[in-house]
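# Architecture at a glance
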Amino acid sequence: MTKLYSKWRIPGTSYCMIRWKPNVFVPPHGHNGKQCKFWLVKGALQENQYKIIPNHGYYMKEQQLLLPGQRSYINDTIGVHSVRNLLDSAAWSIHRYYE
């Protein structure tokens, strides 16, 4: 499988920089008990948040378009999310993962 994004940890912090490949779709995923805040720096991302229904999968409960300067937040209580880069060029975002 082709890597959908590249992630760099910013040393000494709980922050990472992510470069999303053009037109990429990252399927629904969680963050293993961590909180995740992220800010879009460049590009346009579509984030879908899904509520998990135990033993039945999940359903989409929210969809949002993120433009530079906008942010989002997800944790396992909220559910899982998918991310899509809507452009033919790379998108960049800063993520903070914490307990």
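Above this text is the structure in question.
Residues numbered from 1 in each chain as written. Predicted model: local features only at pLDDT ≥ 70, side-chain atom pairs only at ≥ 80, totals over all residues. Heavy atoms only, no water.

### Structural notes on the sheet that holds strand β8 (residues 80-85)
- If you trace the 4 strands from one edge of the open sheet to the other, you get β3-β8-β5-β6, paired in antiparallel fashion. The outermost strands of the open sheet, each flanked by one partner alone, are β3 (25-29) and β6 (57-66). Taking each pair of neighbouring strands and ignoring which way they run, the sheet shows an average axis angle of 15°.
- As paired strands, β3 and β8 are joined by 3 bridges and run antiparallel to one another. Bridge pairing links F25 to R84 in β8. (Pairing = 2+ DSSP bridges. Helix = DSSP H or I, 4+ residues; strand = E, 2+ residues; numbered from the N terminus. Axes fitted to C-alpha atoms, helices over the stretch in contact; angles between N-to-C directions.)

### Some points on the nonpolar core
- Residues W20, C36, L45, L66 and Y97 are the most contacted members of the largest nonpolar core, which totals 14 residues.
- Counting residues per element, the ones that place at least two in this core are β2 (15-20), β4 (35-42) and β9 (91-98).
- Excluding residues within four positions of it along the chain, L66 makes contact with F38, L40, G43, A44, L45, E47, R71 and S72. (Core = buried A, V, L, I, M, F, W, Y, C linked by side-chain atoms within 4.5 Å. Buried < 20%, exposed > 50% of the residue type's maximum accessible area, 1.4 Å probe, protein only. Contact = heavy atoms within 4.5 Å.)

### A closer look at a nonpolar patch on the surface
- A grouping of L65, L67, L86 and L87 is seen on the molecular surface, where their side chains present a nonpolar patch of about 310 Å² in accessible area.
- Examined against the element boundaries, L67 turns out to sit in the loop between β6 and β7 (71-74). (Patch = residues over 30% accessible without salt bridge, like charges linked within 9 Å, V, L, I, M, F, W, Y side chains within 5 Å. Areas by Shrake-Rupley, 256 points an atom, 1.4 Å probe, with all protein chains shown as cover. Salt bridge = Lys/Arg side-chain N within 4 Å of Asp/Glu carboxyl O.)

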